[in-house]
Amino acid sequence: MEGGKKRQDKDTSKGKKPPQDASGTAPTEGKAKPKSCNTYRLEPRSKVRDALVRDKAEAILTKLQEATYDGASSPFLCASISEEILNAVKELDYDRYKYVVSVLIVEKAKQAMIVASRCLWDAERDTWISAKCETDTFIALALVMACYYD
């Protein structure tokens, strides 16, 4: 070492590809940490109150009372309304629930329609809520599913 300077090694890894695992992807440095630790609780601290969630969803859907049906903008409207309902339900802050929100807007054209859904369900802890808004030109239907997880 001359003049009190420390020798610095050059980085020889430049231009080399990161090591890959069997799947052909680079391994992750740190794994994602869970948001909460396992409590081994089988019951939620507070169950979802259906009436409160339904009121929130209906309040958001009533904003559509003045709108008219437009097939081109309906998909975007469904996406924005479902996002708004999801945010409103998350603000209620029910512990350890995951939510699925589906919004359907259908033009009134003197036709019949049946909507059905299926899922694996725990009837004691999970719940679903539907809300509807009807205007002269369309019907908007929102379905909110709240699923408990540990």
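Residues numbered from 1 in each chain as written. Predicted model: local features only at pLDDT ≥ 70, side-chain atom pairs only at ≥ 80, totals over all residues. Heavy atoms only, no water.

Looking up the chain in an unreviewed UniProt entry gives the name Dynein light chain Tctex-type 2, with the organism given as Taeniopygia guttata. Per UniProt, the chain has the following entry under Sequence similarities (unreviewed entry): "Belongs to the dynein light chain Tctex-type family." (UniProt positions renumbered as here; feature names shortened; annotations may be inferred.)

Now for the pattern of salt bridges. The full count for this structure, using the stated rule, is six salt bridges. One salt bridge in this structure joins Arg125 and Glu43, with 3.0 Å as the shortest N-O distance. Here the residue Arg125 occupies a position in the loop between β1 (97-107) and β2 (127-134), and Glu43 occupies one in the segment before α1 (50-61), the gap between them amounting to 82 residues. Among the salt bridges present, the one from Asp122 reaches Arg125, with a minimum N-O distance of 2.4 Å. Note on Asp122: relative accessible area 27%, which makes it partly exposed. Salt bridges here are not isolated pairs; linked through shared partners, they connect Glu43, Asp122 and Arg125. (Salt bridge = Lys/Arg side-chain N within 4 Å of Asp/Glu carboxyl O. Helix = DSSP H or I, 4+ residues; strand = E, 2+ residues; numbered from the N terminus. Buried < 20%, exposed > 50% of the residue type's maximum accessible area, 1.4 Å probe, protein only.)

Strand order in the open sheet made by the three strands is β1-β3-β2, with antiparallel pairing throughout. Only two strands of the sheet have a single neighbouring strand rather than two, namely β1 and β2. In this sheet, neighbouring strand axes are inclined to one another by 15° on average, regardless of whether the strands run parallel or antiparallel. Looking at chain direction, β1 and strand β3 (residues 138-148) are connected through eleven bridges and run antiparallel. (Pairing = 2+ DSSP bridges. Axes fitted to C-alpha atoms, helices over the stretch in contact; angles between N-to-C directions.)

Here we take up helix α2 (residues 74-91). Since the α-helix turns once every 3.6 residues, residues separated by three or four places project in the same direction. For α2, which comprises 18 residues, the first-to-last C-alpha distance of 26 Å matches the rise-based estimate of 26 Å (1.5 Å per residue) to within 8%. Where α2 is concerned, the buried positions are Ser74, Cys78, Ile81, Ser82, Ile85, Leu86, Ala88 and Val89. Within α2, the buried residues cover an arc of 165° as seen down the axis, which keeps them to one side. For α2, the exposed residues lying more than 90 degrees away from the buried face are Phe76 and Glu91. In the core, the buried residues of α2 are packed alongside α1, β1 and β3. (Expected span 1.5 Å × (residues − 1). Arc of directions from axis to C-beta. Contact = heavy atoms within 4.5 Å.)

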